[in-house]
Amino acid sequence: MPQLIDGKKISAEIKDELKEKVRKLKEDGVSVCLAVIQVGNDPASSIYVNNKKKACAYVGIESLAYELPEETTQKELVALIEKLNADSKVNGILVQLPLPGHINADAIIRTISPDKDVDGFHPESVGRLCIGEEGFVSCTPAGVIQLLKRSGIEIEGKECVVIGRSNIVGKPMSILLLRENGTVTVTHSRTRNLRETAKRADILVAALGKPKFITRDYVKDGAVVIDVGMHRNTENKLCGDVDFEDVKDKVSAITPVPGGVGPMTIAMLMYNCVRAATK
Ligand code: GUN
């Protein structure tokens, strides 16, 4: 059996560390507050938003929930974000994605003050990450780095292959691995020889969004496999982008789905909120 990289345990450790930090901050008169905005009532988004609120309550972060109707206009949403930007009590602002089709998500993300951009999606945050300046980092890839570090897996000098180039996961993931001195290859749907490229990886990060796509012929013997995918199969069971059963006796370490990368996203959001309050 390979080493199971336990995201549930590691995310709980991070949340406990943050809880202690928030307690100390409170003693010094500093409170931490996150504003969470949801437009419409997409059921998956409602579950995510609820989990974020629960994590805030656990860590001791105040959360302000804005549940806006589907018909909310772009102008109304911008006005709310501008009000929260100006509110010194609010440290972080999160607009749950996806937004309804009539709202321009890019413009909304740009409206959030970079000082309160706890999702790390603002172009200024992404730019800072690219040039190695301090700034907020997208939570899921930041969580992957924590999983690797806290599981004793070295990144420096390793062949790292990222499958997927989304703005939220693949691109920031590749920059973070580079920052840790990995040798990074980014692959995507137009990559010609994906199997051969993936097989070069000492650390393979699958974030392509296709259930159980990565089988043992994409994986080198002894590789570390990080599965960012999250899908429900026909029996309503969760699975990732990696065919866990197929690769498990070939790899040295792997994240399960569920219980791998998933719980880390919220833990890193909490980390970014505390950071926003202490900067
Ligand atoms: N929708 C799915 N994942 C995320 C996330 O990490 N942040 C936001 N704001 N919306 C999401």
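Refer to the structure printed above.
For clarity, every value in this text was computed on a predicted model and none was experimentally measured.

**Student:** Please provide a residue-by-residue account of the site of the ligand, values included.
**Tutor:** Around the ligand, the surrounding shell consists of Lys52, Leu94, Val95, Gln96, Leu97, Asp119 and Phe121. Within the side chain of glutamine 96, an N or O atom sits 3.2 Å from a nitrogen atom of the ligand. Considered on its own, the ligand offers 280 Å² of accessible surface; in the complex 78% of this is hidden by protein. A class-by-class count of the residues in the shell around the ligand yields four nonpolar, one polar and two charged.

**Student:** Lay out the sheet that holds strand β4 (residues 92-95) in plain terms, naming residues and giving numbers.
**Tutor:** Taken together, the three strands give an open sheet; going across it, the order is β3-β2-β4, and neighbouring strands pair in parallel fashion. Looking at which strands have only one partner, the edges of the open sheet turn out to be β3 (62-68) and β4. In this sheet, adjacent strand axes meet at a mean angle of 15 degrees when their direction is disregarded. Alignment of strand β2 (residues 33-39) against β3, held across seven bridges, turns out to be parallel. By the bridge assignment, isoleucine 37 is partnered in β3 with tyrosine 66. Running over the sheet, helix α2 (residues 43-59) touches β2, β3 and β4 and is turned about 170 degrees from β2. Along the sheet face, helix α3 (residues 74-86) touches β2, β3 and β4 and points at about 180 degrees away from the line of β2.

**Student:** Account for the sheet that holds strand β5 (residues 159-163), naming residues and giving values.
**Tutor:** Pairing in this open sheet of six strands is parallel, and the strands run β1-β11-β8-β7-β5-β6 from one edge to the other. Lying at the two open borders of the sheet, with one neighbouring strand each, are β1 (3-4) and β6 (183-187). Here five bridges tie β5 to β6, and the two strands are oriented parallel to one another. Pairing of glutamate 159 across the sheet is with threonine 183, part of β6. Across the sheet, helix α7 (residues 170-179) is in contact with β5, β6 and β7 (203-206); its angle to β5 comes to roughly 170 degrees.

**Student:** For helix α1 (residues 7-27), give the residues involved together with the corresponding values.
**Tutor:** With 21 residues, α1 ought to run about 30 Å at 1.5 Å a step, and its terminal C-alpha atoms sit 30 Å apart, in line with that. Buried residues of α1: Gly7, Ile10, Ser11, Ile14, Leu18, Val22 and Leu25, and no others. The buried residues of α1 all sit within an arc of 110 degrees when viewed along its axis, so they share a single face. The exposed residues of α1 that point more than 90 degrees off its buried face are Lys8, Lys9 and Glu27. Its buried side turned inward, α1 meets α2, α6 (139-150) and α10 (262-278). The N-cap residue of α1 is aspartate 6: its side-chain oxygen and the backbone nitrogen of lysine 8 are 3.1 Å apart. Following α1 by one or two positions, glycine 29 adopts a phi angle in the positive range, close to 80 degrees.

About the criteria used
- Residues numbered from 1 in each chain as written.
- Predicted model: local features only at pLDDT ≥ 70, side-chain atom pairs only at ≥ 80, totals over all residues.
- Heavy atoms only, no water.
- Near = heavy atom within 4 Å.
- Polar contact = N/O pair within 3.5 Å; in protein donor to acceptor, adjacent residues only side chain to side chain.
- Areas by Shrake-Rupley, 256 points an atom, 1.4 Å probe, with all protein chains shown as cover.
- Nonpolar A, V, L, I, M, F, W, Y, C, P; charged D, E, K, R; others polar.
- Pairing = 2+ DSSP bridges.
- Helix = DSSP H or I, 4+ residues; strand = E, 2+ residues; numbered from the N terminus.
- Axes fitted to C-alpha atoms, helices over the stretch in contact; angles between N-to-C directions.
- Contact = heavy atoms within 4.5 Å.
- Expected span 1.5 Å × (residues − 1).
- Buried < 20%, exposed > 50% of the residue type's maximum accessible area, 1.4 Å probe, protein only.
- Arc of directions from axis to C-beta.

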